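# Structural overview for review
Chain residues, written in single-letter form:
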Amino acid sequence: MSSLKFCANISWLFTELPDFSQRIYAAASAGFQAVEAAWLYECDLKELQNAREATGVEVILINTPPGDVKSGDLGLGAVPGREKEFREGLDLALKYAKALECKRIHLMAGRIPLGSNRSVVAKDMEAVFVQNLTYAADVLSKEGISGMIEPINTRITDPRYFLDSPQQAAAILEKVGKPNIKLQMDIFHWQIMDGNLTQNIQKYFPMIGHVQIAQVPGRNEPDSAGELNYSYLFNTLKKHNYQGYIGCEYKPIGSTKEGLGWIKDYCSHSQ
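What this report covers is the structure whose coordinates are included nearby. Here the structure is a predicted model, which means the values were calculated and not measured.

Within the chain one finds 9 helices and 8 strands. For 271 residues, the compact-globule formula gives about 18 Å, and the C-alpha radius of gyration of the chain, at 18 Å, lands near that figure. In terms of its C-alpha atoms, the chain occupies a principal-axis envelope of roughly 50 × 45 × 35 Å. Burial analysis of the chain (271 residues in total) assigns 57% to the buried set.

Now for the packing of aromatic side chains. The full count for this structure, using the stated rule, is 12 aromatic pairs. Here Trp 190 and Tyr 204 contribute two aromatic rings whose centre-to-centre distance is 6.1 Å and whose plane-to-plane angle is 85 degrees, an arrangement assigned as edge-to-face. On the criterion of sequence distance, the pair formed by Trp 190 in helix α6 (residues 187-193) and Tyr 204 in helix α7 (residues 197-204) is long-range, its members being 14 residues apart. We classify Trp 190 as buried; its relative accessible area is 0%. Ring geometry for Phe 234 against Tyr 266: centres 5.4 Å apart, planes inclined by 70 degrees, an arrangement best described as edge-to-face. With a gap of 32 residues between them, Phe 234 in helix α8 (residues 230-239) and Tyr 266 in helix α9 (residues 261-269) connect regions that are remote in the sequence. Note on accessibility: Phe 234 and Tyr 266 belong to one class, buried.

Our focus in this paragraph is helix α1 (residues 20-29). For α1, the complete set of buried residues consists of Phe 20, Ser 21, Arg 23, Ile 24, Ala 26 and Ala 27. Contacts from the buried residues of α1 go to β1 (5-9), β2 (34-36) and α2 (45-55).

Summarising the element assignment, Asn 63 is placed in strand β3 (residues 58-63). Side-chain polar atoms of Asn 63 contact the side chain of His 106, separated by 3.2 Å. Ignoring any residue separated from it by four or fewer positions in sequence, one finds Asn 63 in contact with Ala 37, Ala 38, Trp 39, Tyr 41, Ala 93, Ile 105, His 106 and Met 108.

As a further point, take the sheet that holds strand β7 (residues 208-213). What the 8 strands build is a closed barrel, ordered β1-β2-β3-β4-β5-β6-β7-β8; its pairing is parallel. Strand-to-strand, the axes of this sheet are offset by a mean angle of 30 degrees, without reference to chain direction. Packed onto the sheet, helix α4 (residues 118-141) meets β4 (104-106), β5 (146-149) and β6 (181-186) and runs at close to 155 degrees relative to β5.

Turning next to the packing of α1 against α2. Put simply, α1 and α2 touch, their axes get as near as 8 Å, and they point 10 degrees apart. Between α1 and α2, the crossing angle belongs to the class labelled roughly parallel. The residues of α2 that touch α1, namely those facing Phe 20, Ser 21, Ile 24, Tyr 25 and Ala 28, are Glu 47, Leu 48, Asn 50, Ala 51, Arg 52, Ala 54 and Thr 55. Along the lines of polarity and charge, the residues of the contact of α1 with α2 split into 7 nonpolar, 3 polar and 2 charged.

On to the pattern of salt bridges. Tallied over the full model, the rule gives 11 salt bridges. One salt bridge connects Arg 82 with Glu 85, and the closest N-O pair in it is separated by 2.6 Å. A relative accessible area of 18% places Arg 82 in the buried class. For Arg 111, the salt bridge identified is with Asp 158, shortest N-O distance 2.7 Å. Here Asp 158 lies in the loop between β5 and α5 (166-176) and Arg 111 lies in the loop between β4 and α4, a separation of 47 residues in the sequence. Look at Arg 111 and you get partly exposed, because its relative accessible area is 23%. The exposure class of Asp 158 is buried, given its relative accessible area of 5%. Salt bridges linked by common partners bring Arg 52, Glu 53 and Glu 101 together as one network.

Burial along strand β8 (residues 245-248) is two-sided: the residues Tyr 245 and Gly 247 and Ile 246 and Cys 248 are all buried. Pairing of β1 with β8, which is carried by 4 bridges, proceeds in the parallel orientation. Bridge pairing in β8 links Ala 8 to Cys 248. Looking at chain direction, β7 and β8 are connected through 3 bridges and run parallel. Residue pairing across strands places Ile 213 opposite Cys 248, the latter belonging to β8. The parallel pair β7 and β8, bridged by α8, forms a crossover whose chirality is right-handed.

This part takes up the packing of α2 against helix α3 (residues 83-99). One way to put it is that α2 packs onto α3 with a least axis distance of 10 Å and a crossing angle of 30 degrees. Between α2 and α3, the angle falls in the class roughly parallel. Seen from above, α2 lies across α3 with right-handed handedness. Residues Leu 45, Leu 48 and Gln 49 of α2 touch α3, and the partners they reach there are Lys 95, Tyr 96 and Ala 99. Residues of the contact of α2 with α3, tallied by class, amount to 4 nonpolar, 1 polar and 1 charged.

Cut-offs used in this document
Residues numbered from 1 in each chain as written. Predicted model: local features only at pLDDT ≥ 70, side-chain atom pairs only at ≥ 80, totals over all residues. Heavy atoms only, no water. Helix = DSSP H or I, 4+ residues; strand = E, 2+ residues; numbered from the N terminus. Rg over C-alpha atoms; globule rule 2.2 N^0.38 Å. Buried < 20%, exposed > 50% of the residue type's maximum accessible area, 1.4 Å probe, protein only. Phe/Tyr/Trp six-rings, centres within 6.5 Å; stacked < 30°, edge-to-face > 60°. Contact = heavy atoms within 4.5 Å. Polar contact = N/O pair within 3.5 Å; in protein donor to acceptor, adjacent residues only side chain to side chain. Pairing = 2+ DSSP bridges. Axes fitted to C-alpha atoms, helices over the stretch in contact; angles between N-to-C directions. Parallel < 35°, antiparallel > 145°, perpendicular 65-115°, else oblique. Nonpolar A, V, L, I, M, F, W, Y, C, P; charged D, E, K, R; others polar. Salt bridge = Lys/Arg side-chain N within 4 Å of Asp/Glu carboxyl O. Right-handed = clockwise from strand over helix to strand, strands pointing away. Left-handed = near helix turned anticlockwise from the far one by under 90°.

Written as structure tokens, this is what we have:
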């Protein structure tokens, strides 16, 4: 079995540097061969391209725009009445993805509208999400790009996020039925919502298109104190022959570089 591959989420790592293009250089200097990021849309696209080309670092994943963050948006994929804005955001994400040769876009579902009851609006929001994902699948397939949907926990991180469990995501993926729309497994969120990681990884592995990691509950380095045994989880992914990158989406306890010892330890023990 080959060793697992890790990419730096530069929305979370190397934040000592203000600019995303600088963070690409820093990630490369630290030994990363790939990066991912949430929202790059306030950055100069040419500078990002230059950094990627100069370092040879792959860009693995970006997110669709969140919408109006000041008004409480966190994605628009499942939000009724915002379909036009979702498509505009998808076009912008596609522009950046093509320029950066990025083959995955996280299609953010969004939040339950303020004042709404989840059980009352869930059916309508799911229908909107399925419709938007079907549209996105066709647009992205023309460019050889896959769309990801990611359950985000509603117990700690975001109580109003629509998509919050692997079970819900799997049911939506079955309704969409498009091979280039896949499941993004953030182990941090899955542990908080459902646990049962061994069985859930096995059950949903055929749907998984990307993996992200952080310790629970602090969302720090994988080897920091917490609930998860990442040595076991990494071995589980290897047994399933996971070939993609694993996104390091965590908050460093100290500086980013000081917290990277766990990768060196993993690589030395997996030789």
